[in-house]
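# A structural walkthrough
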Amino acid sequence: MSLHAPLILDIEGHSLTAVDRRRLAHPLTGGMILFGRNWHSRAQLTDLCAEIKNLRPDLLIAVDHEGGRVQRFRTDGFTHLPSMRALGELWSQDDKGQPGTGVLKACEAATSAGFVLASELRACGVDFSFTPVLDLDHGESGVIGDRAFARDPRVVSLLARSLMQGLLQAGMGNCGKHFPGHGAVKADSHVALPVDKRSLKAILADDAQPYRWLTSVLTAVMPAHVIYSKVDSRPAGFSPRWLQDILRAQLGFQGVVCTDDLSMAAARQMDGRTLSYTEAVITALQAGCDLALLCNRSAVNGGAELDEVLDQLAEAQVKGQWQPNEVSEERRLNLLPRSPARAWDELVRSADYMQALDRLP
């Protein structure tokens with residue numbers, strides 16, 4: 001049995017099938033990511049999360065729930081959270097004759113957004129959200145756009161820190177993405193592989209600054225599916241240079257490194273060819289990732305590709321082509337909440353939650 005459960009998988013529907021149960025019980029599966037298709041109502045989501053935890057209490061239940069246009073659950077009581085850009089715009093809105101009040105309002109709103117986001121998710125049984133976006137808004141990237149707080153790395157860092165404080169108040173970790181920065185490239189990495197031609201010095205002085213400043217409070221980092229051609233020919237998520245030499249050794253990051261979705265067309269491009277799903281997972285783990293994310297495959301051919309990855313990764317372990325990493329497993333377990341979550345009815349009547357709602361823009 002593996003000592004390291006690096007795979008985060010998806011399911012197709014609103015509840016677990018026998019096949020889902022088998023995949024989630026596999027010792028190489030460490031988590032599950034939820035999508036809009038897994039949502040019908042708050043009660044259904046709560047039942048689904050309870051079903052997963054009954055199967056495996058240690059499984060990480062995760063979701064992309066940032067606010068703005070990336071928010072998986074929007075009805076049945078869930079708050080429509082502002083985009084990160086909306087929080088960034090508060091920064092410069094000072095009260096008359098009171099310079100700096102916009103900064104305080106923006107930070108307060110970001111903390112409130114983080115608290116509402118995490119407490120609502122946790123009340124339904126979700127452990128973790130892949131947020132916040134630390135990309136800078138260069139005005140280049142359509143896929144990032146208003147998901148970014150601002151152009152200035154200092155503004156991004158302070159607002160992200162405030163949002164993370166709100167997440168933490170509700171007992172949730174955080175994930176800075178997309179390292180070292182996705183905001184300066186036009187191509188959408190869901191469909192094409194963007195190339196950033198800037199020097200390492202230029203990237204570290206600008207887009208990667210939030211990772212330097214937030215290294216002590218980030219619990220996870222997601223590398224970008226971007227090639228930074230003057231630094232490495234591999235995308236950041238497959239690059240030991242980016243993950244081990246720069247993120248870990250130079251910037252001092254100690255938390256979880258989780259790949260972005262390896263099912264994206266661009267995500268498996270390396271050295272001029274397309275890797276298989278299993279090759280992509282192994283390459284990412286060998287480069288320094290702790291967890292590998294495979295999304296939206298459960299609905300394709302009955303999820304045959306997920307079964308293939310589970311079988312082939314187990315085989316690679318037996319053959320010594322991939323070694324489980326106990327440190328990575330410890331990091332994965334550290335993403336699980338330590339405190340009990342408040343039930344929804346208790347949460348929505350609580351003073352801190354109502355106050356946080358009032359502070360959202």
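The preceding data block contains the structure.
Computed from a prediction, not measured in an experiment: that's the story for all the values here.

### With respect to the sheet that holds strand S1 (residues 7–9)
Strand order in the open sheet formed by eight strands is S6-S3-S2-S1-S14-S11-S9-S7, with parallel pairing between adjacent strands. A strand with exactly one partner marks an edge of an open sheet, and here the two such strands are strand S6 (128–129) and strand S7 (175–179). Note that strand S9 (residues 220–223) and strand S11 (residues 256–261) share two bridges and pair parallel. From the neighbouring strand, Ala 220 faces S11, where its bridge partner is Val 256. Those strands touched by helix H8 (residues 240–250) are S7, S9 and S11, and its axis lies near 140 degrees from that of S11.

### Details of the pattern of salt bridges
What the rule picks out here adds up to 27 salt bridges. Notably, a salt bridge pairs Arg 23 with Asp 307, separated by 2.8 Å at the nearest N-O pair. Taken together, the residues span a long stretch of sequence, with Arg 23 in helix H1 (residues 18–25) and Asp 307 in helix H10 (residues 304–318) at a distance of 284 residues. Both residues of the pair, Arg 23 and Asp 307, belong to the buried class. Across the salt bridge formed by Asp 127 and Lys 53, the nearest N and O atoms sit 2.7 Å from each other. Of this pair, Asp 127 sits in the loop between helix H4 (101–123) and S6 while Lys 53 sits in helix H2 (residues 42–55), and the two are 74 residues apart along the sequence. Look at the salt bridges and you will find they share partners, linking Asp 64, Glu 66, Arg 72, Arg 147 and Lys 177 into a network.

### Some words on the state of the cysteines
Under the defined criterion, the tally for this structure stands at zero disulfides. Sulfur of Cys 124: no disulfide; nearest cysteine sulfur belongs to Cys 49 and is 7.1 Å away. Exposure remark for Cys 124: the relative accessible area of 1% places this residue in the buried category.

### Thoughts on the side chain of Asp 135
Topologically, Asp 135 is positioned in the loop between S6 and helix H5 (153–169). Among buried charged residues, Asp 135 stands out as having no salt bridge; its nearest opposite-charge side chain is Arg 147, 6.3 Å away. Polar contacts involving the side chain of Asp 135 include one to the side chain of His 178, which spans 2.7 Å. Within polar-contact distance, the side chain of Asp 135 engages the backbone nitrogen of His 182 at 2.9 Å. With residues up to four places along the chain from it excluded, the contact list for Asp 135 reads Ile 144, Ala 148, Ala 150, Val 156, Lys 177, His 178, Gly 181, His 182 and Gly 183.

So, how was this worked out
- Residues numbered from 1 in each chain as written.
- Predicted model: local features only at pLDDT ≥ 70, side-chain atom pairs only at ≥ 80, totals over all residues.
- Heavy atoms only, no water.
- Pairing = 2+ DSSP bridges.
- Helix = DSSP H or I, 4+ residues; strand = E, 2+ residues; numbered from the N terminus.
- Contact = heavy atoms within 4.5 Å.
- Axes fitted to C-alpha atoms, helices over the stretch in contact; angles between N-to-C directions.
- Salt bridge = Lys/Arg side-chain N within 4 Å of Asp/Glu carboxyl O.
- Buried < 20%, exposed > 50% of the residue type's maximum accessible area, 1.4 Å probe, protein only.
- Disulfide = S-S within 2.5 Å.
- Lys, Arg positive; Asp, Glu negative; His and termini not counted.
- Polar contact = N/O pair within 3.5 Å; in protein donor to acceptor, adjacent residues only side chain to side chain.

Everything listed here is a matter of geometry and, on its own, says nothing about what the molecule does.
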